[in-house]
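Chain and residue survey
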Amino acid sequence: MKSGQHREIPKPSNYKRRKKERIRASREAKKQNGAKQLSPNGISLRGADTDSVWTLPNLVSAARVLLLFPLVLATARRQEAAVVAILVGIGLSDWLDGVLARATHQISTVGQIFDPVCDRIAIAGSLIAVVASGYYPKTLALVLLAREVLVSGAALVLAAKGFPRIEVTLLGKAATLMLMFSLPLYVVSVSQWDAARIARILAPLFGYPGAIGYYVAMGHYAFEARKIAAMRLSRE
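Let me begin by describing the structure that accompanies this report. (Residues numbered from 1 in each chain as written. Predicted model: local features only at pLDDT ≥ 70, side-chain atom pairs only at ≥ 80, totals over all residues. Heavy atoms only, no water.)

A few words on the nonpolar core. If you look at the biggest cluster of nonpolar residues, it comprises 33 residues, and the most contacted ones within it are Leu71, Tyr136 and Leu144. Contributing elements (two or more residues each) for this core: α3 (68-76), α4 (80-103), α5 (111-132), α6 (138-160), α7 (170-189) and α8 (196-235). Top element by residues in this core is α7. It accounts for eight residues. Apart from residues lying up to four places away in sequence, Leu71 is in contact with Val83, Ile86, Leu87, Ile90, Ser126 and Ala129. Among the nonpolar cores identified, the runner-up in size contains six residues, and Phe163, Ile166, Ala217 and Tyr221 belong to it. (Core = buried A, V, L, I, M, F, W, Y, C linked by side-chain atoms within 4.5 Å. Buried < 20%, exposed > 50% of the residue type's maximum accessible area, 1.4 Å probe, protein only. Helix = DSSP H or I, 4+ residues; strand = E, 2+ residues; numbered from the N terminus. Contact = heavy atoms within 4.5 Å.)

To continue, consider unusual backbone geometry. Backbone geometry places Arg78, a non-glycine residue, at a positive phi of 60°. By the element assignment, Arg78 lies in the loop between α3 and α4. Given a relative accessible area of 45%, Arg78 falls into the partly exposed group.

Taken together, Ile198, Ile201, Leu202 and Leu205 make up a surface patch of nonpolar side chains, about 380 Å² in accessible area. Tracing the backbone through its elements, the reader meets Leu202 in helix α8. Exposure remark for Leu202: the relative accessible area of 33% places this residue in the partly exposed category. (Patch = residues over 30% accessible without salt bridge, like charges linked within 9 Å, V, L, I, M, F, W, Y side chains within 5 Å. Areas by Shrake-Rupley, 256 points an atom, 1.4 Å probe, with all protein chains shown as cover. Salt bridge = Lys/Arg side-chain N within 4 Å of Asp/Glu carboxyl O.)

What follows is the structure in structure tokens.
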């Protein structure tokens, strides 16, 4: 090539340019997966990876509810080792489904509703089973069941009025997990096991703070519901 002459760099074709744009858009979408988004009503929602019902996290959530059947049998037969094992399994499943959803990119639209519903059923069912068998303090159980009735009733009313689903808060999830682990601790505390003395100390440390967090989270949900209602009224 003669000096002074410059070789022209060929411009990419339209096909290559469109391909690069698609790759760039795909990367941006992956970065935003799981990020908080705003619904038209201003309530934060977690971005979903899929609309499928049959995901591994959803199956774990369903298993949490199904474990209630062997739990009832174990409490009726006073099989404390089985009761503790099942309750620990229920508590771990509440943590596991969220971890799996994020790790496998299977955060689903259905799962964001299904998981909290399974939480409510699992907690209420577990409480009734252990209270009926004398393993759990009745006063604490009544306080927690009252909260479940209030939240479930409010959710039905809001859904009937067309309100969007309010996302479960980190505090709500933490309180749920604490309460789930207070259940086996209370069972151990009334047993004849060597760990009963330690369990009698730990059980209230999980149960009562968990109950407080449970009600604080409920107050947050009520605040969000009022905010939605106020926004609707301002638009009318």
